[in-house]
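# Close look at the chain arrangement
Take a look at the letters that make up each chain.
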There are 2 protein chains.
Amino acid sequence: MNNNQTTKEKLIKAGCAIFAEKGYRDATISEICELAEANIAAINYHFGDKESLYDEVWRHAFSITSSTYPIDRSLPEAPELKDYIYSYAFAIIHRIFCEEEAGLFPKLLHQEMSRPTLALDRIAQEVLFPQSQFLGKVVRASLEQKIPEERIRLCMHSIIGQCAFFNFSRPLRERVIGKKTMSEEEKEQLARHIASFSMGGLGATQQEYTS
Amino acid sequence: MNNNQTTKEKLIKAGCAIFAEKGYRDATISEICELAEANIAAINYHFGDKESLYDEVWRHAFSITSSTYPIDRSLPEAPELKDYIYSYAFAIIHRIFCEEEAGLFPKLLHQEMSRPTLALDRIAQEVLFPQSQFLGKVVRASLEQKIPEERIRLCMHSIIGQCAFFNFSRPLRERVIGKKTMSEEEKEQLARHIASFSMGGLGATQQEYTS
DNA sequence: GAACAATTCAAATAACTGTTTGAAATATGA
DNA sequence: TCATATTTCAAACAGTTATTTGAATTGTTC
């Protein structure tokens, strides 16, 4: 081969970009092949069909984003609850506002949430649930007893929701603020806010059950 | 006409349902007309083209949802901050989990967020920004001075995010919990949690600037 | 360099898309 | 009832889709 990337690799990368932008159905084999500088028949030759490429794209996107922005990277020596939440928010916010390949995973997820495909069941099982268990353990361990499991779930949703909102409201953000990018300082400030706000929220929830 | 609904009205209602489920691009004129029990050419006759029907659908959906679940309905006599937040969360949660026609607006919004069309600019201007100003005024009035405007925005996003998350994560929720519905009691409990959690979060934010 | 496998390519296929057309059917008003 | 306007309809149009095909090209191995 004359290039350092195989056609198969180029197709996966191009598929990531196109699927993330348009979702499974609106992404066409034609434009993916064009972006990958491959022939129109390349996908069917290398992957069998569009759906199998989509599976490969998901695996690739998750692999990149979870290694680039792991959710427990920036933890100090003896982490407290707030450190855990900050670490989680830091990773999610960075994934969302990443403009490199590592940023495509949240975009793929957004597409899948609005137009689910058969791939969603596998993704939920293999990727999303395990990831949310990080937060679950942390929140559950930090709250004192007597708080019903259902309420713990709601607290998790409050924290996840604050982060995920920036993924799902992206088009609005781009229409209010001119640019779609976010500086490193802004990302850290946002993660700090979410950690602080959530700490207050957890405290208020706790207090409901101790008074 | 033999029916109590005109073809035009039936097309708008069918368009609401199909566009909300599949988004603008994946919704086909053919299936909308089939659901409306109209001929394939009916949309082009009554609206000119698909895009103009989409505009009408948005107006209809917003009209229904905003009159069925206004964001300041359940306010007590002398409302406090928590009452305002509860009222906001109550309305948004009910809109999201409504299975009638009033529930189609959040679904349309979800589709538009993942695959924006030309309609989004108008919707953002006419509908979304005015609606978020309700929260903005409330939060801004409740927090004491010296809190930078940027931080107030983040607090608003924290509250909105907690609510909107349930719109965008719907497919996951349906895969964890068996059913997509939510009882009235659960909705109120969720709104109470968000109000309580957010009060704690606002308090924690406030405290950062008073210490 | 020859023999073979792997890959790329342009063209064709069948199915679907939004839209247009002109005739048929229905409703309206005198 | 008749003339007119409105609405419905099946058929056709041009464009796009994912996939298939078989030949041409490239790479690999002996």
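Within chain A, the regular secondary structure consists of 10 helices and zero strands. Reading chain A from its N terminus to its C terminus gives the helix and strand order α-α-α-α-α-α-α-α-α-α. Taken over the C-alpha atoms alone, chain A extends approximately 70 × 35 × 35 Å along its principal axes. For chain A, with 211 residues in total, the buried portion stands at 53%. Looking at chain A alone, contacts between residues at least 24 apart form 69% of all its contacts between residues at least 6 apart. As presented, chain A carries roughly 10,000 Å² of accessible surface, and 49% of it is formed by carbon and sulfur atoms.

In this complex, chain B contributes 48 residues to the contact, which on the side of chain A involves 48 residues. Buried area between chain B and chain A, summed over both chains or domains, comes out near 4,000 Å², and the portion from carbon and sulfur atoms is 66%. With a shortest N-O distance of 3.1 Å, Asp 26 of chain A and Arg 115 of chain B are connected by a salt bridge. Those elements that place two or more of their residues in the side of chain B that touches chain A are helix H1 (7-26), helix H6 (104-114), helix H7 (119-142), helix H8 (149-168), helix H9 (170-176) and helix H10 (184-208) of chain B. Residue contributions to the side of chain B that touches chain A peak at 15 residues, all from H8 of chain B. Considering only residue class, the side of chain B that touches chain A consists of 21 nonpolar, 16 polar and 11 charged.

Quick look at the packing of helix H10 (residues 184-208) of chain A against H8 of chain B now. The interhelical angle for the contact between H10 of chain A and H8 of chain B, taken along N-to-C directions, is 60°, at an axis separation of 11 Å. Considering the angle they form, H10 of chain A stands oblique to H8 of chain B. Both H10 of chain A and H8 of chain B take part in a crossing whose hand is right-handed. Where H10 of chain A abuts H8 of chain B, its residues Gln 189, Leu 190, His 193, Ser 196 and Phe 197 of chain A lie against Glu 150, Arg 151, Leu 154, Cys 155, Ser 158, Ile 159 and Gln 162 of chain B. Across the contact of H10 of chain A with H8 of chain B, the residue classes break down as five nonpolar, five polar and two charged.

What follows deals with the domain arrangement of chain A. Residues and elements named next belong to chain A. Split by domain assignment, chain A resolves into domain 1 (1-68) and domain 2 (71-211). Facing 23 residues of domain 1, the contacting portion of domain 2 comprises 21 residues. Taken as a group, Arg 25, Trp 58 and Thr 65 account for 35% of the area that domain 1 buries against domain 2, more than any other trio of residues on that side. Between Lys 13 and Glu 101 there is a salt bridge, with the nearest N and O atoms lying 3.7 Å from each other.

The next subject is the side chain of Arg 115 of chain B. Examined against the element boundaries, Arg 115 of chain B turns out to sit in the loop between H6 and H7. The buried category is assigned to Arg 115 of chain B, whose relative accessible area is 16%. Polar side-chain contacts of Arg 115 of chain B include one of 3.1 Å to the side chain of Asp 26 of chain A. Apart from residues lying up to four places away in sequence, Arg 115 of chain B is in contact with Glu 21, Lys 22, Asp 26 and Gln 111 of chain A together with Arg 25 of chain B.

Further remarks concern the side chain of Thr 117 of chain A. Turning to its location among the elements, Thr 117 of chain A is positioned in the loop between helix H6 (104-114) and helix H7 (119-142). On the accessibility criterion, Thr 117 of chain A (13% relative accessible area) is buried. Non-local contacts of Thr 117 of chain A, meaning those with residues more than four positions away in its chain, are made with Tyr 24, Arg 25, Tyr 54 and Glu 112 of chain A together with Arg 175 of chain B.

Turning next to the packing of aromatic side chains. All names here are of chain A. Tallied over the full model, the rule gives 21 aromatic pairs over all chains. Members of the aromatic cluster, joined through ring pairs, are Phe 19, Tyr 24, Tyr 54, Trp 58, Phe 62 and Phe 105. Geometry around Tyr 24 places Lys 50 over its ring, the cationic atom sitting 4.6 Å from the centre.

Quick look at the protein's contact with DNA strand D now. Looking at DNA strand D, there are 13 residues lining it, with Thr 28 and Ile 29 of chain A together with Thr 7, Tyr 45 and His 46 of chain B nearest. Near-protein atoms of DNA strand D (within 4 Å) split between backbone and bases, with sugar and phosphate holding 68%. Between Ala 27 of chain A and DNA strand D, the recorded distance is 3.3 Å, taken from a backbone N or O atom to a phosphate oxygen. Between DNA strand D and Thr 7 of chain B there is a distance of 2.4 Å, counted from a phosphate oxygen to a side-chain nitrogen or oxygen. Listing elements by their share of the surface near DNA strand D, those giving two or more residues are helix H2 (29-35) of chain A together with helix H3 (42-46) of chain B.

Turning next to the protein's contact with DNA strand C. Lining the immediate surroundings of DNA strand C are 13 residues, of which Thr 7, Tyr 45 and His 46 of chain A together with Thr 28 and Lys 50 of chain B lie closest. Atoms of DNA strand C within 4 Å of the protein: sugar and phosphate make up 66%, bases the balance. Here Thr 7 of chain A contributes a side-chain N or O atom positioned 2.4 Å from a phosphate oxygen of DNA strand C. Within the side chain of Tyr 45 of chain A, one N or O atom sits 3.0 Å away from a phosphate oxygen of DNA strand C.

About the criteria used
- Once a new chain begins, its residue numbering starts again from 1 and follows that chain's sequence as written.
- The naming scheme follows written order: chains are lettered A onward, ligands numbered 1 onward.
- The model is predicted, so local features are restricted to residues of pLDDT at least 70 and side-chain atom pairs to those at 80 or more, both for listing and for counting; the totals for chains, interfaces and linings are taken over all residues.
- Side-chain measures here rest on the full set of heavy atoms in the structure, leaving out hydrogens and waters.
- Helix and strand labels come from DSSP, where a helix needs a run of H or I of at least four residues and a strand needs a run of E of at least two; each type is numbered from the N terminus.
- For the exposure calls, accessible area comes from a 1.4 Å probe over protein chains only, and a residue counts as buried if that area is under 20% of its type's maximum, exposed if over 50%, partly exposed in between.
- Only heavy atoms matter for contacts: two residues are in contact if any of them lie within 4.5 Å across the pair.
- For the area figures, the Shrake-Rupley method with a 1.4 Å probe applies, and any residue is considered shielded solely by the protein chains shown.
- By definition, the buried area sums, over both parts, the 1.4 Å-probe accessible area that each loses when the two are put together.
- When a carboxyl oxygen of Asp or Glu lies within 4 Å of a side-chain nitrogen of Lys or Arg, that pair is called a salt bridge.
- In this classification, Asp, Glu, Lys and Arg are treated as charged, Ala, Val, Leu, Ile, Met, Phe, Trp, Tyr, Cys and Pro as nonpolar, and every other residue, Gly included, as polar.
- Inter-axis angles, ranging from 0 to 180 degrees, are taken between N-to-C directions of lines fitted to C-alpha atoms, where helices are fitted over the stretch in contact.
- Any angle that is under 35 degrees is reported as roughly parallel, and any over 145 degrees as roughly antiparallel; angles of 65 to 115 degrees are reported as roughly perpendicular and all others as oblique.
- In this scheme, a crossing is called left-handed if the near helix is turned counterclockwise away from the far one by less than a right angle; it is called right-handed if the turn is clockwise.
- Note: domain ranges come from an automatic or database domain assignment.
- Under this definition, polar contacts are N or O atom pairs within 3.5 Å; protein pairs additionally need one hydrogen-donor-capable and one acceptor-capable atom, and for neighbouring residues in sequence, both atoms have to be side-chain atoms.
- Stacked, tilted and edge-to-face are the three classes applied to pairs of Phe, Tyr and Trp rings, where Trp contributes its six-membered ring and a pair requires centres within 6.5 Å; stacked means planes under 30 degrees apart, edge-to-face means over 60, and tilted covers the rest.
- For a ring to carry a charge above it, either NZ of a lysine or CZ of an arginine must fall within 6 Å of the ring centroid while also lying within 35 degrees of the normal to the ring plane.
- If even one non-hydrogen atom of a residue comes within 4 Å of a molecule or strand, that residue is called near it.

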